[in-house]
Amino acid sequence: MRVLGIETSCDETGVAIYDSRQGLLAHALYSQVAMHAEYGGVVPELASRDHVRKTIPLIEKVMFEAKCTSQDIDGVAYTAGPGLIGALLVGATIGRSIGFAWNVPAVGVHHMEGHLLAPMLEPDPPEFPFVALLVSGGHTQLVKVTRMGQYDILGESVDDAVGEAFDKTAKLLGLGYPGGAVLAKLAEQGDPKRFHFPRPMIDRPGLEFSFSGLKTFAVNTAHKYGLDLQTKADIARAFQDAVVETLVIKCRRALRETGWKTLVVAGGVGANIALRSQLTDMLQKEGGKVFFPRMEFCTDNGAMIAYVGCQKLLAGEKTELAIEVFPRWPLSDLSSSRNS
Ligand code: KG4
Ligand code: ZN
């Protein structure tokens, strides 16, 4: 089965073609980051309009690269939520309409299920069951994945998502928006011994996270010590060390609680080098293995949507002709809908 996948939930237009036998045939991405940067955050209306401009040219590009005509496509997948409603509606309308026009089934995909299963696109994919750490701009969750479609939330952030905390801290350090990756780069030059930030909620049992206090800690440190270049790097380092160590501790706890040995990391913060290396070390010590998507598929992309859409279509799922999107859509809802 060959599936065209479309991702437009936020500020990236991603399109890809996935074939169940041959794997990923082509993918293309257009990021709106530069357009939103001057506003210091994503402007929903501008995002929708830009998806309108970019989605169809990107579909033409991947169809050309994969040497496909409409006859070669067996199904269409699009992100149906969660995300910005206008942005979602663009991808859903285009995806559903193409399915209708080409007379193939179309299916709405959960954006976080896409992130969660992005490591399946790699040559050495993880096997079920596994614990997944989803770390993006909008989510921080530990998920128990028994099989495809069975997702139980073990714990999540009670306040800011980890990517959001990276971005807010980056903003106060004057690193622009979204500054997560820039902060991570700057942290490499920071002195790990100068400041020590707390590891939130590690003394309590459970698998919840809280990251908003770290941002306040960064503000207070900046007020006290100023913001010269070295101090910025030292704050970035202290912030990142605290976040990474907290995530590692909670992942270890989740693995021990489930008794499982496989960890999957996904979402934009999964691109963080310090997090990748410390999780790899921890899993080695625990006698398990950690799986990451390739760097470019940590952040939003069409490939993960095409992959999940293909699995759903192969399982006989499809979405009717009505165009429906879900700006708020808990991942755990998927388990109940597929069990019913
Ligand atoms: O998954 P994603 O592309 O979008 C959402 O669905 O939210 O994640 C974007 C988030 C942003 O907050 C961004 O700052 C963060 O991932 N991010 C990073 C790094 N690269 C991207 N955070 C820390 N270190 C990085 N290297
Ligand atoms: Zn995302």
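A brief structural summary. (Residues numbered from 1 in each chain as written. Chains lettered and ligands numbered in written order. Predicted model: local features only at pLDDT ≥ 70, side-chain atom pairs only at ≥ 80, totals over all residues. Heavy atoms only, no water.)

## Digging into the sheet that holds strand β5 (residues 106-110)
Here we have five strands laid out as an open sheet, ordered β3-β2-β1-β4-β5, and mixed in their pairing. Across the chains shown, the open sheet's two edge strands, defined by having one partner strand only, are β3 (23-31) and β5. Ignoring strand direction, the axes of neighbouring strands in this sheet form an average angle of 20°. Where strand β4 (residues 75-81) meets β5, five bridges bridge the pair, whose relative direction is parallel. (Pairing = 2+ DSSP bridges. Helix = DSSP H or I, 4+ residues; strand = E, 2+ residues; numbered from the N terminus. Axes fitted to C-alpha atoms, helices over the stretch in contact; angles between N-to-C directions.)

## Focus on the coordination of the zinc ion (ligand 2)
Around the zinc ion (ligand 2), the donor atoms from the protein are His111 (NE2), His115 (NE2) and Asp300 (OD), and they sit 2.0 to 2.1 Å away. One can describe the donor arrangement at the zinc ion (ligand 2) as irregular, given that its four donor atoms subtend angles of 92 to 137° at the metal. Summarised as a motif, the one-chain spacing of the donors to the zinc ion (ligand 2) is H-x3-H-x184-D. Here His115 is found in helix α4 (residues 111-117), whereas its partner Asp300 is found in the loop between β10 (289-291) and α10 (303-314), with 185 residues between them in sequence. With a relative accessible area of 1%, His115 lands in the buried category. (Donors = N, O, S within 2.8 Å, 3.2 Å for Na, K, Ca; no water. Tetrahedral: all angles 85-135°; square planar, octahedral: opposite > 155°, others 65-115°. Buried < 20%, exposed > 50% of the residue type's maximum accessible area, 1.4 Å probe, protein only.)

## Remarks on unusual backbone geometry
For the bond running from Gly81 to Pro82, omega is -15°, close enough to zero to count as cis. Checked against the element boundaries, Pro82 lands in the loop between β4 and α3 (85-102). Residue Pro129 is bonded to the preceding Phe128 through a cis peptide linkage, with omega at -5°.

## Focus: the site of ligand 1
Inspection of the region around ligand 1 gives 19 residues, with Gly137, Gly163, Asp167, Gly268 and Asn272 positioned closest. A distance of 2.7 Å separates an oxygen atom of ligand 1 from a polar atom in the backbone of Gly137. Coverage of ligand 1 by the protein chains reaches 84% of its 550 Å² of free accessible surface. Within the residue set of the shell around ligand 1, elements represented by two or more residues are α4, α5 (162-172) and α6 (180-187). Looking at the shell around ligand 1 residue by residue, the classes come out as six nonpolar, eleven polar and two charged. (Near = heavy atom within 4 Å. Polar contact = N/O pair within 3.5 Å; in protein donor to acceptor, adjacent residues only side chain to side chain. Areas by Shrake-Rupley, 256 points an atom, 1.4 Å probe, with all protein chains shown as cover. Nonpolar A, V, L, I, M, F, W, Y, C, P; charged D, E, K, R; others polar.)

## What to know about the pattern of salt bridges
All chains considered together, the criterion is met by 17 salt bridges. Note that Asp160 and Lys168 form a salt bridge whose closest N and O atoms lie 3.3 Å from each other. For Lys168, a relative accessible area of 33% gives the class partly exposed. With its nearest N and O atoms 2.7 Å apart, the salt bridge here joins Asp234 to Arg194. Placement of the pair is Asp234 in helix α8 (residues 229-258) and Arg194 in the loop between α6 and α7 (212-225), with a sequence separation of 40 residues. Accessibility expressed as a relative area gives 2% for Asp234, which makes it buried. Judged by its relative accessible area of 36%, Arg194 is partly exposed. If you follow the salt bridges from partner to partner, you end up with Asp160, Glu164, Lys168 and Lys215 in one network. (Salt bridge = Lys/Arg side-chain N within 4 Å of Asp/Glu carboxyl O.)

## Some details on the pairing of strand β8 (residues 150-156)
Looking at chain direction, strand β7 (residues 140-147) and β8 are connected through six bridges and run antiparallel. The partner of Lys144 across the bridge, within β8, is Asp152. Taken together, β7 and the strand that follows it, β8, pair antiparallel across an intervening segment of two residues, in which Gly149 is found at a positive phi of about 90°.

## Brief notes about the packing of α5 against α8
Where α5 meets α8, the closest approach of the two axes is 11 Å, and the angle between their N-to-C directions is 175°. Taken together, the axis directions place α5 and α8 in an arrangement best described as roughly antiparallel. Counted together, Val162, Ala165, Phe166 and Thr169 of α5 and Phe239, Gln240, Val243 and Leu247 of α8 form the full contact between these two elements. (Parallel < 35°, antiparallel > 145°, perpendicular 65-115°, else oblique. Contact = heavy atoms within 4.5 Å.)

## Considerations on the packing of aromatic side chains
Applying the stated criterion across every chain, the model contains seven aromatic pairs. Lys54 extends its terminal NZ or CZ atom over the ring of Tyr30, reaching a point 4.0 Å from the ring centre. Looking at Lys250, its charged tip hangs above the ring of Phe209, at a distance of 5.6 Å from the centre. (Phe/Tyr/Trp six-rings, centres within 6.5 Å; stacked < 30°, edge-to-face > 60°. Lys NZ or Arg CZ within 6 Å of the ring centre and 35° of its normal.)

## A look at the nonpolar core
Ranked by size, the top nonpolar core spans 57 residues in total, and within it Leu4, Ile17, Ile59 and Tyr151 carry the most contacts. Setting aside chain neighbours within four positions, we find Leu4 in contact with Val15, Ala16, Ile17, Ile59, Val62, Ile73, Gly75, Val76, Ala77, Ile98 and Trp102. Membership of the second largest hydrophobic core comes to 45 residues, among which are Ala254, Val265, Leu279 and Leu283. (Core = buried A, V, L, I, M, F, W, Y, C linked by side-chain atoms within 4.5 Å.)

## Thoughts on the state of the cysteines
Counted according to the given criterion, the structure contains zero disulfides. Unpaired in this structure, Cys10 has its nearest cysteine sulfur neighbour in Cys298, at a distance of 16 Å. Take Cys10: its relative accessible area is 23%, and that puts it in the partly exposed class. Looking at the unpaired Cys68, the closest cysteine sulfur is the one in Cys310, lying at 13 Å. Residue classification places Cys68 among the buried residues on the basis of a relative accessible area of 10%. (Disulfide = S-S within 2.5 Å.)

## Observations regarding helix α9 (residues 273-286)
If you check α9, its first and last C-alpha atoms are 20 Å apart, about what 14 residues at 1.5 Å a residue would give, namely 20 Å. Considered for burial, the residues of α9 that qualify are Ala274, Leu275, Arg276, Leu279, Met282, Leu283 and Glu286. Where α9 is buried, its residues touch β6 (130-135), α8, β9 (262-266) and β10. For α9, the capping residue at the N-terminal end is Asn272, with a side-chain oxygen 3.1 Å from the backbone nitrogen of Ala274. Gly287, located one to two residues past α9, shows a positive phi value of around 75°. (Expected span 1.5 Å × (residues − 1).)

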